[in-house]
Amino acid sequence: MIPELGQFTLAIALALACIQTIFPLWGSFNNTPNWMLMAKPLAWGQFLFLTLSFACLLYAFWYDDFSVRYVATNSNSKLPNIYKISASWGAHEGSMLLWALLLSTWGAAVAIFSKQLTQITIARILAILGLVTTGFLFFIILTSNPFARLFPVPIEGRDLNPLLQDFGLAIHPPTLYMGYVGLSVSWSAAIAALLDGKLDAAWAHWSRPWTLIAWVFLTIGITLGSWWAYYELGWGGWWFWDPVENASLMPWLVSTALIHSLAVTEKRGAFKNWTVLLALAAFSLSLLGTFLVRSGVLTSVHAFASDPARGLFILIFLCLIIGGSLVLYALRSPGISIGGRFELLSRETLLLANNLILTLFTIIVLFGTLAPLIYDAMNAMRSFAILSLIYGDLGKISVGFPWFNTMFVYILPTLALLIGFGPAVSWKNGNLSKILQRLGIALATSIIIGMGIWCSEPIFVAVGLALALWIFGTHVIILWLRGYHPRYYNRQLLPNFMCMMSQSRSFFGMWLAHIGVACFIVGITIVSHYSTEQDLLMKPGDRYTLMEYQFEFQGVTNHLGPNYQARKGKFQVTKSKQHIVTLEPEKRTYQARSMPMTEAAIHPGLTRDLYVSLGEPIGTGGAWSVRIHYKPYVRWIWLGGLLMALGGLWSVSDRRYRLRTTASSISSHSG
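Residues numbered from 1 in each chain as written. Predicted model: local features only at pLDDT ≥ 70, side-chain atom pairs only at ≥ 80, totals over all residues. Heavy atoms only, no water.

### Here we look at the nonpolar core
- Counting residues in hydrophobic clusters, the biggest one holds 167 residues, and the most contacted among them are Val110 and Leu137.
- By residue number, the principal contributor to this core is helix H8 (residues 167-196), which donates 16 residues.
- Residues in contact with Val110, not counting those within four places in the same chain, are Ile122, Ile125, Leu126, Leu129, Val185, Trp206 and Trp210.
- By size, the runner-up hydrophobic cluster in this structure holds 18 residues, among which are Tyr549, Val581, Leu583 and Tyr630. (Core = buried A, V, L, I, M, F, W, Y, C linked by side-chain atoms within 4.5 Å. Buried < 20%, exposed > 50% of the residue type's maximum accessible area, 1.4 Å probe, protein only. Helix = DSSP H or I, 4+ residues; strand = E, 2+ residues; numbered from the N terminus. Contact = heavy atoms within 4.5 Å.)

Below you can see the structure in the form of structure tokens.
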């Protein structure tokens, strides 16, 4: 009965989504208040019934209902309870239901926290969100039903993919999905503003916190994914430019540009075209990521739920979303005003350059990710004789780690320079002499120290650390100068601490996020150049010294887990004859799937990680293949990500985003 209840509530949610799409939108065009008033209750009802539907799926997993095909395929009676919960979104059907639930969560939140919007605006935003939900619910019911029955009922389930039986992967997908679907709010607001013909400061003011919250979830999700890949896959890497990783990075890059563009539109009334296009692109790239993960067109260690046939449905839906958005923009763009004017040297110009760089990098990542598909398509066209004569045999292409890294290294320095200069430049018209007076010390210091590092280290290390120092130094100076009252600047010897701390939360959020970028640059610079690893053949009693740390292998013992058997190694780590830690990496074999898994042992630290993973037994003398890593400053990469996310949260809590704006002020501006 529980699976049938889940299907029934899913069908009701679809019906509510259809009604939410049609009637409030029609009412907004015909000025029918009663129809527009339906939008909020429908959004709440949709959230309620999807919550009930997902609760039914959780119930089926918790109580091992193997009559449900999805449960039988992705769970097992011996699976720990926490992973029974995460198994509910561990494969295609459940993850799509979670996607729909989170989408309805954002819709319900918009219905609750948008009292400052006009009735027409909120009706249109919720109707457009309802349209997206309708598409996904149709997709779930027609092609991806998580409640489909299985007969005959198996005695035992297949078990969850062992790669997913990890705490990091239990929280990574929901966090990332919250970011993905959260971008639908800024997309819906942009569509509603285009329909209304009013792209103004009030629209940007309302959209900015919603975009920031989605960006925070994306940042945390990507950081968690990087951390999981580092410790779970046994490779010791933190980013592989994998297609699925790129699929999450692209909307993050565009939404980062969108946050900055919204600030310009809100404060200066400029960049309206940029802001709209970035809002449309961010959510479109989220849908593209969904297609790449689920279609199977690209191979990835993260793509656990691929199905080419169902991927076609998402591709068609993606084309409709992108095509419809661009057509509407093309129709409305002639009426969008340019907004406030600004000089060449101004904060607006630097933020425009920021948008251009982030967009360029997104295009590069998109091209590198889709290049294999483009080449395959061109090879398929060789069936036409004339094209065969022109192009010949194109063969296969794989755009990998070195190419992406090269592009990243070319782009990062310019972006880091902009991050340092941006907050110190005035809106509308900057003064070069004042900028150099304020930031000259930071600029000179970073150049001198960078050149000093270059004398003994590679230029890559020197430039990276100089850029991190530049960002950190400029932001310390900017905070320091905020302690001087403008009226008494020349008479104050030292900054006033209370004046410093009285800055807006939005300012401190920006400050913290930029410091996070500096930490990230330090981490990737040092770990990329100074990381050391060694593949060894070790017998019990063997020792190996790596970067002043001595690793002594003391053998392997058998260990029985809840649903796996493990061979657990033991390594005593010492430095200068002082015991540091005992590391116990594992080689697990999961009973239901007979699938081997490597569980690395890591001793974390702020300035270095010690990382050991077991390979395979060699011969009969107790020898094992072993990989040992020394990872300096790798934690600074994830520290940077967390600081960026905290900065975003701090900005969202700014008082001006909690103040209610009257409905008349929202609708009084003209685009």
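Further notes follow.
### Overview of the side chain of Thr275
- With respect to the helices and strands, Thr275 occurs in helix H11 (residues 272-295).
- Of the residues examined, Thr275 reaches a relative accessible area of 0% and is grouped as buried.
- Sequence-distant contacts of Thr275, that is, excluding residues within four places in its chain, are made with Trp203, Leu258, Ser261, Leu262 and Thr265.

### What to know about the pattern of salt bridges
- Here the structure, examined in full by the defined rule, presents 15 salt bridges.
- Close ionic contact of Arg149 with Glu4 constitutes a salt bridge, the shortest N to O distance being 2.9 Å. In this pair, Arg149 is assigned in the loop between helix H7 (119-143) and H8 and Glu4 in helix H1 (residues 2-30), connecting sequence segments 145 residues apart.
- Assessed through its relative accessible area of 36%, Arg149 is described here as partly exposed.
- For the salt bridge of Asp65 with Arg149, the shortest nitrogen-to-oxygen distance reads 3.8 Å. Of this pair, Asp65 sits in the loop between helix H3 (39-62) and helix H4 (69-74) while Arg149 sits in the loop between H7 and H8, and the two are 84 residues apart along the sequence. (Salt bridge = Lys/Arg side-chain N within 4 Å of Asp/Glu carboxyl O.)

### Quick notes on H3
- In a regular helix each residue adds 1.5 Å, so 24 residues correspond to 34 Å; H3 covers 34 Å between its end C-alpha atoms and thus fits that length.
- Residues of H3 that are buried: Ala39, Leu42, Ala43, Gly45, Gln46, Leu50, Ser53, Phe54, Cys56, Leu57, Ala60 and Phe61.
- Where H3 is buried, its residues touch H1, helix H2 (33-36), H4, helix H5 (81-87), helix H6 (92-112) and H7.
- Positive backbone phi, approximately 50°, marks Asp64, located one or two places after H3. (Expected span 1.5 Å × (residues − 1).)

### Brief notes about the sheet that holds strand S9 (residues 608-618)
- Strand order in this open sheet of four strands is S1-S10-S9-S8, and the pairing throughout is antiparallel. Of all strands in the sheet, those bounded by a partner on one side alone are strand S1 (532-538) and strand S8 (601-603). Direction aside, neighbouring strands of the sheet carry axes that sit 15° apart on average.
- Relative to S9, S8 is paired through three bridges, and the arrangement is antiparallel. In the sheet register, Ile602 faces S9, and the bridge partner there is Tyr611.
- Sheet contacts for helix H9 (residues 201-232): S8, S9 and strand S10 (623-632); angle to S9, the most-contacted strand, approximately 45°. (Pairing = 2+ DSSP bridges. Axes fitted to C-alpha atoms, helices over the stretch in contact; angles between N-to-C directions.)

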